[in-house]
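# Structural characterization, general
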Amino acid sequence: MKDTQTIEKQQGKTQETMRVTGSEAIIHCLLAEGVDTLYGYPGGAIMPVYDELYKFQHKIHHVLTRHEQGAAHAAQGYARISGKVGVAMATSGPGATNLITGIADAQIDSTPLVCITGQVFSHLLGSDAFQETDIVGISTPVTKWNCQVTKASQIPEALAKAFYIAKSGRPGPVLVDVTKDAQLEEFDFEYEKCTKVRSYNPVPETDTTGVKAAAELINAAKKPMIVWGQGVILGKAEEELKAVIEKAGIPSAWTILGASAIPTSHPLNIGMVGMHGNYAPNKLTNECDVLIAIGMRFDDRVTGNLKTYAKQAKVIHFEIDPAEIDKNVKTDVAVLGNSKDSLAQLLPLLNEATHESWLQEFKDLYAIEFEKVIKEDLTPSKEGLTMGEVIKQINIETKGNAAIVSDVGQHQMIACRYADFNITKSNITSGGLGTMGFALPAAIGAKMAAPDREVVAIIGDGGFQMNIQELGTIFQQEIAVKIVVLNNEFLGMVRQWQQLFFDKRYASTEMTNPNFIAIAEGYYIKARKVVKREELEDAVKEMIASKESYFLEVCVEKEGNVFPMIPTGASVSDVRLS
């Protein structure tokens, strides 16, 4: 083992060089970037790095997941709740390709990841060697940047650049592929953190002219409406957003990835937009006179039919990524820059306002949604348990302070709609890619990054079985995550579409499920099953009170639907309540 004092104490550039192998260099680079946790799965092509990692167990906690996809999602959960870069590692071939779903998820949801993969010896590249895949080519469409390293001396620069690109500007995943000979080769190591990449401008300078133009439109508006997204959370602009909303008195809605930036109880928080969002903000999108989009990208699940989306409104778009401006919705005023800086500049230019009559329109439509949908979801008159009342009980026991990690499907929409979020970075879910199997490993990463917070995974019976093996990671690592499986014995969201649009032809959506309690107990996780309403309160109390991991299965009504709903291709004005 070489002398590592210089590396471990350094900040920025090392004061002297030392002779190390490429695999040692990788560990020193991670330490220099402040990495203390990484998720992965060893194999032949990455084994030299794992051998070095073994020597640094006191510095870096490696979490052995049960599948590389689980490693990527766990790193995502870690990054989403901490704001740090998540790190995942895998071997070549199938190990590397198993990361791809998590990488693609991170790319579309702007999650900072650094993924390190082993590769066959450089002289074997292109020869179809054992466990060789072109992971650089495969990952190119779903990474912010990637590269392959074939010389040990290239490692420090490649990893410094990887961390800088992953976390700067609009975050995203990067991948560094390292051949085995590069891991074994020795070189004189020094490390300098990357602070700039030629031709890469991660944060455009805030456009003061655009800010002024935006303020003029907002001040003149009679019916302004804000829709904010995850860009507010990534930009650490929660307080600035709150100040803008309160000063200008603007009703404000959120995308699912923007949830929790402002507490759900805030009087100007009007709910969620999108396919299963709240009735009022969807409906009134097509009646506002100024639509202010902040850190969101106008994806199709938010806009519905673009030909009819907010055509009556002046559109202002606050955005860090120039590629998102005018991509889907034509803007009248575009303000490039970090949302924190842009909103801070906007605030003093705004007039104080209340817009009472406009806000009342949202309240009136909420009352309609409450009578037709919400009341039955949360306090049902029918015998079968609903997903909504489970979320309501979790709210009561956690007082709205839990981090909710949801999978993908009906339960995801119910969790986003009904969970109370008092703290930012509390809604962790797969948004753009819609990855079933996301929640269980993501909850592992979230709990490890925020051990003092209650982390509750809300999962459907279908998605749970996609990464069910990560129960082994929870057991081995002793992670006190709470797992709630809402079991309706269907792939519920697909079944809902089949009911509404395919004449109830339930093709390949009914699930014959195993004994989930026995499986959880097989991993030595305390488990309980709820089938009756009168059992729910006590079960949730017991789960939240537990100091260890806990598995709760709740059998909910089999053919319950999630409303409101905007049918595919329909206008946001056509949102359905039944």
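Residues numbered from 1 in each chain as written. Predicted model: local features only at pLDDT ≥ 70, side-chain atom pairs only at ≥ 80, totals over all residues. Heavy atoms only, no water.

### What to know about the overall build of the protein
Counting its regular elements, the protein contains 24 helices and 20 strands. Expected size for 578 residues packed as a compact globule is a radius of gyration near 25 Å; at 24 Å, the protein falls within 12% of this value. In terms of overall dimensions, the protein has C-alpha extents of about 70 × 60 × 40 Å along its principal axes. Split into buried and exposed, the 578 residues of the protein put 60% on the buried side. Taking all contacts inside the protein whose residues are at least 6 apart in sequence as the whole, residues at least 24 apart take part in 76%. (Helix = DSSP H or I, 4+ residues; strand = E, 2+ residues; numbered from the N terminus. Rg over C-alpha atoms; globule rule 2.2 N^0.38 Å. Buried < 20%, exposed > 50% of the residue type's maximum accessible area, 1.4 Å probe, protein only. Contact = heavy atoms within 4.5 Å.)

### Quick look at the pattern of salt bridges
Pairing between side chains of opposite charge can happen when the charged atoms of each approach one another. Inspection of the entire model under this criterion finds 23 salt bridges. In this structure, K167 and E33 form a salt bridge, with 3.7 Å as the shortest nitrogen-oxygen distance. One end of the pair, K167, is in helix α8 (residues 155-167); the other, E33, is in the loop between α2 (22-32) and β2 (37-40), with 134 residues separating them in the sequence. Here K167 falls in the partly exposed class, since its relative accessible area comes to 47%. Relative accessible area serves as the criterion here: at 15%, E33 is assigned to the buried category. The residue E52 makes a salt bridge to K55 at a minimum N-O spacing of 3.1 Å. Assessed through its relative accessible area of 7%, E52 is described here as buried. Since its relative accessible area comes to 39%, K55 is described here as partly exposed. Salt bridges sharing partners connect three or more residues here, namely R170, D321, E324 and K327. (Salt bridge = Lys/Arg side-chain N within 4 Å of Asp/Glu carboxyl O.)

### Here we look at the pairing of strand β14 (residues 333-336)
Where burial is concerned, the two faces of β14 differ: the one with V333 and V335 is buried and the one with A334 and L336 is not. Here strand β13 (residues 314-319) runs beside β14; their pairing, made up of four bridges, is parallel. Counted as the bridge partner of E319 is L336 from β14. (Pairing = 2+ DSSP bridges.)

### Re the packing of aromatic side chains
Applying the stated rule across the entire model yields twelve aromatic pairs. Seen from their ring centres, Y164 and Y200 are 5.9 Å apart, and the 85 degrees between their planes marks the pair as edge-to-face. In this pair, Y164 sits in helix α8 while Y200 sits in the loop between β8 (186-189) and α10 (208-220), placing the two residues 36 residues apart along the sequence. Assessed through its relative accessible area of 24%, Y200 is described here as partly exposed. Here W497 and F501 contribute two aromatic rings whose centre-to-centre distance is 5.8 Å and whose plane-to-plane angle is 75 degrees, an arrangement assigned as edge-to-face. Remark: F501 and W497 occur in helix α22 (residues 492-501); sequence separation between them is four residues, near one turn of the helix. Ring-pair connections join several aromatic residues into one group, and the members of that group are F187, F189 and Y191. Cation over ring: R495 sits above F490, and NZ or CZ is 5.8 Å from the ring centre. (Phe/Tyr/Trp six-rings, centres within 6.5 Å; stacked < 30°, edge-to-face > 60°. Lys NZ or Arg CZ within 6 Å of the ring centre and 35° of its normal.)

### What to know about the sheet that holds β13
Within the open sheet, the six strands sit side by side as β11-β10-β9-β12-β13-β14. Their pairing is parallel. Both outer strands of the open sheet, β11 (269-272) and β14, are each paired with one neighbouring strand and no more. Ignoring which end each strand starts from, the neighbouring axes of this sheet average 20 degrees apart. Sheet analysis places strand β12 (residues 290-294) next to β13, joined by five bridges and oriented parallel. Residue A293 lies in a different strand from β13, and its bridge partner there is H317. (Axes fitted to C-alpha atoms, helices over the stretch in contact; angles between N-to-C directions.)

### A word on the domain arrangement of the protein
The domains assigned to the protein are domain 1 (5-189), domain 2 (208-362) and domain 3 (383-555). Computed over C-alpha atoms only, the centres of domain 2 and domain 3 are separated by 31 Å. Between domain 2 and domain 3, the contact holds 18 residues from the first and 19 residues from the second. Note on domain 2 versus domain 3: buried area summed over both sides is about 1,400 Å², and carbon and sulfur give 59% of it. (Domains from an automatic or database assignment. Buried area = accessible area lost by both parts, 1.4 Å probe.)

### Some details on the environment of E542
Here E542 shows up in helix α24 (residues 533-545). Sequence separation between E542 and R528 is 14 residues, and the spatial gap between their C-alpha atoms is 9.5 Å. Residue contacts for E542: discarding those within four places in its chain leaves K526, R528 and Y550.

### Focus: the confidence of the model for the protein
Of all residues in the protein, 97% have pLDDT values of 70 or greater, and the mean over the chain is 96. In the model, residues 1-15 has pLDDT below 50 throughout and makes 32 contacts with residues more than four positions away in sequence or in other chains. (pLDDT = per-residue confidence, 0-100.)

### Comments concerning the sheet that holds strand β20 (residues 550-555)
Read from one edge to the other, the open sheet built from six strands follows the order β16-β15-β17-β18-β20-β19, with strand pairing classed as parallel. A strand with exactly one partner marks an edge of an open sheet, and here the two such strands are β16 (427-429) and β19 (526-530). Put simply, the sheet's adjacent strands are angled 20 degrees from each other on average, direction ignored. Pairing geometry for strand β18 (residues 482-487) and β20, over six bridges, is parallel. If you follow K482 over to β20, its bridge partner there is Y550. Sitting on the sheet, helix α17 (residues 387-398) is in contact with β15 (403-406), β17 (455-460), β18 and β20, with an inclination near 160 degrees to β18. Most of the contacts of helix α18 (residues 410-418) go to β17, to which it runs at about 140 degrees, and overall it touches β15, β16, β17 and β18.

### Here's the deal with unusual backbone geometry
Here the amide bond leading from F563 into P564 is cis, since omega sits at 0 degrees, within 30 degrees of zero. Here the phi dihedral of K399 falls at roughly 55 degrees; this positive angle occurs in a residue that is not glycine.

### A few points about the nonpolar core
One recurring pattern in soluble globular proteins: nonpolar side chains tend to sit buried together. Grouped together as the largest cluster of nonpolar side chains are 96 residues, with contacts concentrated most on M225, W228, L346 and V554. A per-element tally of this core places helix α16 (residues 356-378) first, with seven residues. Three or more residues apiece are contributed to this core by two domains, here domain 2 (208-362) and domain 3 (383-555). Not counting chain neighbours up to four residues away, the residues in contact with V554 comprise L385, V390, V484, V485, L486, N487, V530 and L536. Within the second largest apolar cluster, 49 residues are counted, among which are A71, I100, I474 and A520. (Core = buried A, V, L, I, M, F, W, Y, C linked by side-chain atoms within 4.5 Å.)

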